[in-house]
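Working through the structure, step by step
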Amino acid sequence: MTSVPRTADTTALLQELRRRWATTVAAARAGRKSAVPPDAPAPDAGPYADNLLARWSEPQRRYHTVEHLAAVLQRIDELAGHADDLPVVQLAAWFHDAVYRPDRSENEERSAALAERALPELGIGAARTAEVARLVRLTTTHDPAPDDPDGEVLCDADLAVLGGPPDAYAAYAAAVRAEYGFVPDPDFTAGRAAVLRQLLALPRLFRTPQGYDRFEHLARRNLTTELDLLGAG
């Protein structure tokens, strides 16, 4: 698996992400939902972190990178009080774009399937594994049910980039366009406009109270501005 060249900053970020992964896996193994017998040695989580981080570092990525993963995990930290099972939400963040090919439409499904294979090997119980996979699949629509706090946290964290300052949003939009550099401009404009309209049609982009208060207004303004710039408003 080929990865992008590493800088000192990237190396430090990867080290921090490995630390976070180990902490999250340990928390997800704990308690009655664990698949590891109390007297059994836990599988080494390190190789799984290395595999996931290699995936997140693939050269076709311009936005869906380790920086995006780190940003989503940071937002989950900020919204943690709303979550029902925080380690599950954190694991779902790790897997939600683990399989990412911009020329394919089944990325979420393949990412969920990867979680379903990897997590039992790591000693994560069946219930938590199934919940991680469900949350990963939910990022296809970013439309969690009202009684789904973990889905709300994951989706809000993933969409938080939409509610950033205009310059940060412009950088995000440019990175998305770069990922789809193989798509001719007219086709990209049509496809991107459809995505923006789908998001704007949601009654709420952000479902947690904190996410809504912090990001909703600016996100809608950013989306509408991009739609106008595409000439599709």
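Residues numbered from 1 in each chain as written. Predicted model: local features only at pLDDT ≥ 70, side-chain atom pairs only at ≥ 80, totals over all residues. Heavy atoms only, no water.

Once that is clear, we can look at helix 9 (residues 185–201). In an α-helix, one turn spans 3.6 residues; hence positions three or four apart end up facing the same way. Over its 17 residues, helix 9 runs 24 Å from end to end, which matches the ideal 24 Å to within 8%, given 1.5 Å per residue. Contacts from the buried residues of helix 9 go to helix 7 (149–159), helix 8 (166–179) and helix 10 (209–229). (Helix = DSSP H or I, 4+ residues; strand = E, 2+ residues; numbered from the N terminus. Expected span 1.5 Å × (residues − 1). Contact = heavy atoms within 4.5 Å.)

So, on to the nonpolar core. Among the nonpolar cores identified, the biggest contains 42 residues, and Trp21, Ile76, Trp94, Phe95, Leu119 and Val132 are the most heavily contacted of them. Within the residue set of this core, elements represented by two or more residues are helix 1 (8–29), helix 2 (46–56), helix 3 (66–78), helix 4 (86–95), helix 5 (107–121), helix 6 (126–138) and helix 7. A per-element tally of this core places helix 4 first, with seven residues. In this structure, Leu162, Ala193, Phe215 and Leu223 belong to the second largest nonpolar core, which totals 22 residues. (Core = buried A, V, L, I, M, F, W, Y, C linked by side-chain atoms within 4.5 Å. Buried < 20%, exposed > 50% of the residue type's maximum accessible area, 1.4 Å probe, protein only.)

Put simply, the largest pocket is a space of about 860 Å³. Every element with two or more residues in the lining of the largest pocket is listed here: helix 5, helix 7, helix 8 and helix 9. Take the lining of the largest pocket: its biggest share by element is seven residues, from helix 9. Split into classes, the residues belonging to the lining of the largest pocket amount to 14 nonpolar, eleven polar and six charged. Of the pockets and cavities examined, the second largest pocket occupies roughly 350 Å³. Surrounding the second largest pocket, 19 residues form its lining, Tyr63, Glu67, His68, Ala71 and Val161 being those nearest its centre. Of all the secondary-structure elements, those providing two or more residues to the lining of the second largest pocket are helix 3, helix 7 and helix 8. Ranked by the residues each element gives to the lining of the second largest pocket, the list is headed by helix 3, at five residues. The residue makeup of the lining of the second largest pocket, split by class, is eleven nonpolar, four polar and four charged. (1 Å grid on protein atoms, 1.4 Å probe; cavity = no way out; pocket = protein on both sides within 12 Å on 5 of 7 lines; lining within 4 Å. Points joined across faces, edges and corners; volume = space filled by probe spheres on them. Nonpolar A, V, L, I, M, F, W, Y, C, P; charged D, E, K, R; others polar.)

A word on the pattern of salt bridges. All chains considered together, the criterion is met by 16 salt bridges. Note that Arg19 and Glu16 form a salt bridge whose closest N and O atoms lie 2.5 Å from each other. Linking Arg19 with Glu16, this pair stays in helix 1, spanning three residues, or about one helical turn. Accessibility expressed as a relative area gives 46% for Arg19, which makes it partly exposed. Residue classification places Glu16 among the partly exposed positions, given a relative accessible area of 34%. Across the salt bridge formed by Asp185 and Arg177, the nearest N and O atoms sit 2.7 Å from each other. Each of Arg75, Glu78 and Arg214 takes part in one network of salt bridges that share partners. (Salt bridge = Lys/Arg side-chain N within 4 Å of Asp/Glu carboxyl O.)

Right, let's get into the confidence of the model for the protein. Reading predicted coordinates in detail is not appropriate for stretches of low pLDDT. With 92% of its residues at a pLDDT of 70 or more, the protein shows a mean pLDDT of 93. When the criterion is pLDDT under 50, residues 1–5 qualifies, and its contacts beyond four places in sequence or with other chains add up to eleven contacts. (pLDDT = per-residue confidence, 0-100.)

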